[in-house]
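What follows is the residue order along each chain.
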Amino acid sequence: MSLQINSLTKKFGTQTALNNVSLKIGKSEIVGLLGPNGAGKSTLMKSIVGALKIDEGEIFFEGKNISQHSLETKSKMGFLPENNPLYAEMYVKEYLTFVAEIHGVSKARIEEVIELVGITPEKTKKISQLSKGYRQRVGLAQAILHSPELLILDEPTNGLDPNQIVEIRNVIKEIGREKTVILSTHVMQEVEALCSRVILLHKGNIIQDSPIAEFKDKFGSLEEAFADYTTE
Ligand SMILES: Nc1ncnc2c1ncn2[C@@H]1O[C@H](COP(=O)(O)OP(=O)(O)OP(=O)(O)O)[C@@H](O)[C@H]1O
């Protein structure tokens, strides 16, 4: 088992963002997190990577509790947060070299990842000069530099043009052959193109966790399943 979450609850004041969430994710799975705005997707992702302190429950990565083995588990995870915060004043290559040094990653790997995410022509530019799509690629590059066993992507293709979407989906698919990937998206085609399994969150609860085929068998399409489960 790659990831196991037991009864995770996270509150912000009186707002319950995650309510008693449990799940298990195996190796080499690409899992799609779906849910309406405010469902708890980002909170779940941030909790897994240890960026948020959880209130109740436990998260195990490769059998280790992430709060007790924080450094070790974090070093095997890659995270592309929503809105992709980057150091705008740094140059692309400079930024990726900075991240690579934190992880002890070789210079050759930096070049490999730059090529993989398609930012070779942009690598000498300042991050602030990049288009949104290229910034997103830099965000993806920093998340995969150290070849993490678990890659977590919060709306990874947000802001990309249709060609870029196809390219980045191919990169994610390739990574998912060997590693575990969790991604959130509002785009159903994305889930269909990439994921074998969907976890549907609504108001902080997992309301369905199934292979895509099961959603389709029951509702005809993911869109209909989504509407059925989440319309008030
Ligand atoms: N730092 C925070 N402080 C207070 N409330 C928060 C904070 N982060 C999230 N929340 C609340 O927790 C709930 C879940 O938010 P979260 O960002 O996890 O949802 P989401 O499913 O990622 O939504 P979206 O699709 O809009 O990105 C929301 O009601 C949100 O307002």
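For clarity, every value in this text was computed on a predicted model and none was experimentally measured.

**A few points about the sheet that holds strand β4 (residues 56–61)**
Pairing in this open sheet of four strands is antiparallel, and the strands run β2-β1-β4-β5 from one edge to the other. Of all strands in the sheet, those bounded by a partner on one side alone are β2 (15–25) and β5 (64–65). Inspection of the sheet shows β4 paired to β5 by two bridges, in the antiparallel sense. Its bridge partner lying in β5, phenylalanine 61 is registered against lysine 64.

**Some words on the confidence of the model for the chain**
In the predicted model, the chain carries a mean pLDDT of 92, and the fraction of residues at 70 or more is 100%. Scoring of the predicted complex yields 0.93 for pTM and 0.97 for ipTM.

**Side note on the environment of glutamine 142**
Summarising the element assignment, glutamine 142 is placed in helix α5 (residues 132–144). With 23 C-beta atoms counted inside 10 Å, the residue glutamine 142 sits in the buried group. In this structure, the C-alpha to C-alpha distance between glutamine 142 and threonine 97, residues 45 residues apart in sequence, is 9.4 Å. Leave out the neighbours within four places in its chain, and glutamine 142 touches Leu96 and Val99.

Cut-off values and rules
- Residues numbered from 1 in each chain as written.
- Predicted model: local features only at pLDDT ≥ 70, side-chain atom pairs only at ≥ 80, totals over all residues.
- Pairing = 2+ DSSP bridges.
- Helix = DSSP H or I, 4+ residues; strand = E, 2+ residues; numbered from the N terminus.
- pLDDT = per-residue confidence, 0-100.
- Buried ≥ 20, exposed ≤ 12 C-beta atoms within 10 Å, placed from the backbone.
- Contact = placed C-beta atoms within 7 Å.

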